[in-house]
Amino acid sequence: MSNPTPQVGTTVTHRRYVPYSHAHYAGNLVDGAYSLAAFGDVATEMCIRTDGDEGLFASYSDVQFRAPVRAGDVIEIEARLVRVGRRSREMDFEVRVVGRGSPHRGQSSADVLDPPIVATTARGVVVVP
């Protein structure tokens, strides 16, 4: 199967629930590494879609932790291809909280957030063979 030529503007988006087992800090906060791992997952799918290979992460730059990610959140992780080199692919990443627990209404209550909360942003470079 042949893969399309990588195109600037291509996006990959994942959504996931943040389990309570990932909370590390008071207030059910998860650590920043959780967002970085999620960026790695969307970058891997991007490389598979654009190059037929999982690729390897080379670097992150301009990582910004803008808002907390908490256990019980539903997050959306997006990678957008912003530059295509011969073997490198540069991407912008964003984690958005699209759902959050609302325990003041009840133990299992939750809300869809509209607009979502931008929690983490970064730029990263991956290389492909």
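Further up the page is the structure itself.
Please read all numbers here as calculations on a predicted model, not as lab measurements.

Enquirer: Could you give an account of the pairing of strand β3 (residues 74-84), with specific residues and numbers?
Expert: For strand β1 (residues 11-17) and β3, the ladder comprises seven bridges, and the chain directions are antiparallel. Residue Y17 lies in a different strand from β3, and its bridge partner there is V74. Relative to strand β4 (residues 88-101), β3 runs antiparallel, the two being bridged by 10 bridges. Counted as the bridge partner of V84 is R89 from β4. Following β3, the chain reverses through three residues before pairing antiparallel with β4.

Enquirer: Please set out the pattern of salt bridges residue by residue, giving values where relevant.
Expert: Two side chains bearing opposite charge may form a pair once their charged atoms approach each other closely. Using the criterion set out here, one finds 13 salt bridges in the structure. One salt bridge in this structure joins E76 and R15, with 2.9 Å as the shortest N-O distance. Of this pair, E76 sits in strand β3 while R15 sits in strand β1, and the two are 61 residues apart along the sequence. Since its relative accessible area comes to 56%, R15 is described here as exposed. Where R49 meets E45, a salt bridge forms, and the shortest distance between an N and an O atom there is 2.6 Å. One end of the pair is R49 and the other is E45, both in helix α1 (residues 32-51) and four residues apart, which spans about a single turn. Several salt bridges share partner residues, and in doing so they unite R15, E76, E78, R80, E94 and R96 into one network.

What counts, and where the lines are drawn
Residues numbered from 1 in each chain as written. Predicted model: local features only at pLDDT ≥ 70, side-chain atom pairs only at ≥ 80, totals over all residues. Heavy atoms only, no water. Pairing = 2+ DSSP bridges. Helix = DSSP H or I, 4+ residues; strand = E, 2+ residues; numbered from the N terminus. Salt bridge = Lys/Arg side-chain N within 4 Å of Asp/Glu carboxyl O. Buried < 20%, exposed > 50% of the residue type's maximum accessible area, 1.4 Å probe, protein only.

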